[in-house]
Number of protein chains: 2
Amino acid sequence: MIRVIILGFGNVGQHLFRAFSKSKEIEVIQIYNRSNIEFPEGLQTNFTTDIQDVKEAEIYIISVPDDSIKYISESIPAFNKLVVHTSGSVDIKDLSPQNWKGVFYPLQTFSKNSEVDFSEIPICIEAERIEDIVLLTKLGETISNKVQEISSVERAKLHLSAVFVNNFVNYLYQVGSELLSENEMNFDLLKPLIKETARKIEHLNPENAQTGPAKRNDLKTIENHLHLLKDSPYQKLYAEMTEAILRVNDKGD
Amino acid sequence: MIRVIILGFGNVGQHLFRAFSKSKEIEVIQIYNRSNIEFPEGLQTNFTTDIQDVKEAEIYIISVPDDSIKYISESIPAFNKLVVHTSGSVDIKDLSPQNWKGVFYPLQTFSKNSEVDFSEIPICIEAERIEDIVLLTKLGETISNKVQEISSVERAKLHLSAVFVNNFVNYLYQVGSELLSENEMNFDLLKPLIKETARKIEHLNPENAQTGPAKRNDLKTIENHLHLLKDSPYQKLYAEMTEAILRVNDKGD
């Protein structure tokens, strides 16, 4: 049984708590959050808003906003324990040296009211000591099949790539949705396409999966689209993304 | 039984042929293609490379590249029949007036070696005559639950939106993949994230689903990312997408 304390009960903290609660090998003995929380239905454990009340545990998991990680790691009333953060972009060195440092980064997007299947989520771990790598691997494997050791330098680049395929992609969904609503069409029309676009790259690499006017060098359609967007804030984005795909074509030829 | 001829056996023609072949209400009596084709395993029908040999049918479905649609519609040896194209961006008026005009546009991305479930795909139909709308609705409903009448003007805008959520999104997948491979990490790491990003907008609107440094106004992480990309062709794209998301934040405040 691994005794864990979760510090910070935002999206990541809550999702980890739910996932750990399903495992018989992990006990979340306490949750700390600076303000009061609501427990997910059917789940409960000791809770405190006072960092000085934080108990003794094997692993302390800090899942607070990036800029508070250092402060929280310095405030935990524990020494020579394993303290990990869950951030994609914060270096392991930012953690306080009063405890052994580690990282437990689940590479996923967590939203309220959207349950995720942890078993498929890559958990990127890092630690200073071999025994902590072993412990974090064990912790990760209770909830995921994809635990992987990744250094802080690699993790920063992984997180950067994740911004492209998640946040920027989601922004494009938003643009699509707005273009439709301007023309009184329902975003639902695009959902099967969005789903299939994501599904295709499970077995095709993105370069081979590409289709559309830019891929086909269909300059007439591109011109029509730019014309349709002539008063739109999205015309520039269309032009740039199209040029980027045309450049990929040229490289491939 | 609706007797159909498919003209053009590229991705769309092949996927339609497969889908129609599963329906007892449709008979694809012939396929025309300008060059020889290979039939999908287990499927067969009359085939010709000579447009003059094209038979008589109730519906002619033209699924050739956009810039050949007009030419093929003028070359079919038929009169006063229903001739439809399957393109997102070609106006119904581009079809030859020698037959009744229509559109049968499945809003999906079709790739070789990637079977799709037609039942979920919106089929956007258009026709000059009420009876052809009825016929195309019947044809569409044999393969899909989402047949919808959409005008050429609306379809152009729908297709434009589709480019954003499909081709441009796929380009971002490619960027993510390249950034990882430059650092010897496997694109598989990002696949669960990509899947979840697409899944989330099935029940959240994209604006509410947004996460990440730009959404959080996390200027420190954004700066780190721009620094990581300092010699990369993708730095500009990162900056622009980030600014666009920051502008959305401002609007929402």
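## Some thoughts on the relation of the copies chain B and chain A
Then, number 1: By a simple turn and slide, chain B fits onto chain A: the slide is 0.0 Å along the axis, the RMSD is 0.0 Å, and the turn is 180°. Within this description, the copies of the chain are treated as partners about a two-fold rotation axis. Closest approach to the rotation axis among the C-alpha atoms of chain B is made by Val-169 of chain B, whose C-alpha sits 2.7 Å away.

## Notes on the confidence of the model for chain A
Then, number 1: When the pLDDT values of chain A are averaged, the result is 95; 99% of them are 70 or greater.
Then, number 2: Of the two predicted TM-score estimates for the complex, the pTM is 0.92 and the ipTM is 0.92.

## A look at the sheet that holds strand β6 (residues 100–106) of chain A
Residues and elements named next belong to chain A.
Then, number 1: Read from one edge of the open sheet, eight strands run β3-β2-β1-β4-β5-β6-β7-β8, paired in mixed fashion. The open sheet is flanked by β3 (46–48) and β8 (147–149), the only strands paired with a single partner. The mean angle between the axes of side-by-side strands here comes to 25°, regardless of whether they run parallel or antiparallel.
Then, number 2: Both strand β1 (residues 2–7) and strand β2 (residues 26–32) contribute to a ladder of six bridges, which runs parallel.

## A short note on the sheet that holds strand β8 (residues 147–149) of chain B
All names here are of chain B.
Then, number 1: As summarised here, the arrangement of the eight strands in space is β3-β2-β1-β4-β5-β6-β7-β8, forming an open sheet in which the pairing is mixed. The open sheet has two edge strands, β3 (46–48) and β8, and neither has a second partner. With strand direction ignored, the average angle separating the axes of adjacent strands in the sheet is 25°.
Then, number 2: Sheet topology note: the strand β5 (residues 82–85)/strand β6 (residues 100–106) ladder contains four bridges and is parallel. In the strand pairing of β6, His-85 is matched with Val-103.

## Things to note about the side chain of His-15 of chain A
All names here are of chain A.
Then, number 1: Position of His-15 relative to the elements: it lies in helix α1 (residues 11–21).
Then, number 2: Given the relative accessible area of 7%, His-15 is considered buried.
Then, number 3: Excluding residues that lie within four positions of it along the chain, His-15 makes contacts with Phe-110, Ser-111, Ser-114, Glu-115, Val-116 and Phe-118.

## Focus: the interface of chain B and chain A
Then, number 1: Opposite the 85 residues of chain B that make contact, chain A presents 85 residues.
Then, number 2: If you look at where chain B meets chain A, you find two salt bridges.
Then, number 3: Across the pair Lys-236 of chain A and Glu-240 of chain B runs a salt bridge, and its minimum N-O distance is 3.6 Å.
Then, number 4: Applying the counting criterion to the chain B and chain A interface returns 22 residue pairs in polar contact (both at pLDDT 80 or more).
Then, number 5: Sorting the residues of the side of chain B that touches chain A by element identifies α4 (152–182), α5 (191–200), α6 (206–209), α7 (219–228) and α8 (235–252) of chain B as the ones contributing at least two each.
Then, number 6: Per element, the largest residue contribution to the side of chain B that touches chain A is 26 residues, and it comes from α4 of chain B.

## Regarding the pattern of salt bridges
Then, number 1: Summed over all chains, the structure comprises 20 salt bridges over all chains.
Then, number 2: For Arg-155 of chain A, the salt bridge identified is with Glu-126 of chain A, shortest N-O distance 3.0 Å. You can see Arg-155 of chain A sitting in helix α4 (residues 152–182) and its partner Glu-126 of chain A sitting in strand β7 (residues 123–127), a full 29 residues away along the chain.
Then, number 3: Residue Glu-126 of chain A is classed as buried on the basis of its relative accessible area of 11%.
Then, number 4: For Glu-56 of chain B, the salt bridge is made with Lys-81 of chain B, and the minimal N-O distance between the two is 3.1 Å. Note that Glu-56 of chain B is positioned in the loop between β3 and β4 (59–62) and Lys-81 of chain B in the loop between α2 (69–75) and β5, a separation of 25 residues in sequence.
Then, number 5: Exposure remark for Lys-81 of chain B: the relative accessible area of 22% places this residue in the partly exposed category.

## Section: the packing of aromatic side chains
Residues and elements named next belong to chain B.
Then, number 1: One pass over the full model with this rule turns up 18 aromatic pairs over all chains.
Then, number 2: Arranged with centres 5.8 Å apart and planes meeting at 65°, the rings of Phe-9 and Phe-17 form a pair that is edge-to-face.
Then, number 3: Geometrically, the ring pair formed by Phe-39 and Phe-47 is edge-to-face, given 6.4 Å between the ring centres and 85° between the ring planes.
Then, number 4: Classification of Phe-47 by relative accessible area gives partly exposed; the value is 23%.

## A look at the environment of Tyr-60 of chain A
Residue and element names in this part refer to chain A.
Then, number 1: Along the chain, Tyr-60 turns up in strand β4 (residues 59–62).
Then, number 2: Along the primary structure Tyr-60 and Ile-6 are separated by 54 residues, whereas in three dimensions their C-alpha atoms are 6.1 Å apart.
Then, number 3: Residues within four places of Tyr-60 in sequence aside, it is in contact with Ile-5, Leu-7, Val-54, Lys-55, Ile-76, Ala-78, Lys-81, Leu-82, Val-83 and Val-84.
Then, number 4: Among the polar contacts made by the side chain of Tyr-60, one reaches the main-chain amide nitrogen of Ala-57 at a distance of 3.1 Å.

## Details of the nonpolar core
Side chains of a nonpolar character, in soluble globular proteins, are inclined to be buried together.
Then, number 1: Ranked by internal contacts, the top residues of the largest apolar core, which has 115 residues, are Phe-164 of chain A together with Phe-164 of chain B.
Then, number 2: Non-local contacts of Phe-164 of chain B, meaning those with residues more than four positions away in its chain, are made with Leu-172, Val-175, Leu-179, Leu-229, Tyr-234, Leu-237 and Tyr-238 of chain A together with Val-169 of chain B.

## Focus on α4 of chain A
Residues and elements named next belong to chain A.
Then, number 1: Here α4 spans 44 Å end to end across 31 residues, near enough to the 45 Å set by a 1.5 Å rise per residue.
Then, number 2: Of all the bends in α4, the greatest, near 35°, is centred on Val-163.
Then, number 3: Along α4, 25 of the 31 residues are buried, which leaves the element largely enclosed by surrounding structure.
Then, number 4: Directly after α4, the chain includes Glu-184, whose backbone phi takes a positive value near 55°.

Definitions and limits used
- Residues numbered from 1 in each chain as written.
- Chains lettered and ligands numbered in written order.
- Predicted model: local features only at pLDDT ≥ 70, side-chain atom pairs only at ≥ 80, totals over all residues.
- Heavy atoms only, no water.
- Least-squares fit on C-alpha atoms with pLDDT ≥ 70 in both.
- pLDDT = per-residue confidence, 0-100.
- Pairing = 2+ DSSP bridges.
- Helix = DSSP H or I, 4+ residues; strand = E, 2+ residues; numbered from the N terminus.
- Axes fitted to C-alpha atoms, helices over the stretch in contact; angles between N-to-C directions.
- Buried < 20%, exposed > 50% of the residue type's maximum accessible area, 1.4 Å probe, protein only.
- Contact = heavy atoms within 4.5 Å.
- Salt bridge = Lys/Arg side-chain N within 4 Å of Asp/Glu carboxyl O.
- Polar contact = N/O pair within 3.5 Å; in protein donor to acceptor, adjacent residues only side chain to side chain.
- Phe/Tyr/Trp six-rings, centres within 6.5 Å; stacked < 30°, edge-to-face > 60°.
- Core = buried A, V, L, I, M, F, W, Y, C linked by side-chain atoms within 4.5 Å.
- Expected span 1.5 Å × (residues − 1).
- Bend = angle between axes of the 7 residues up to and from the residue.

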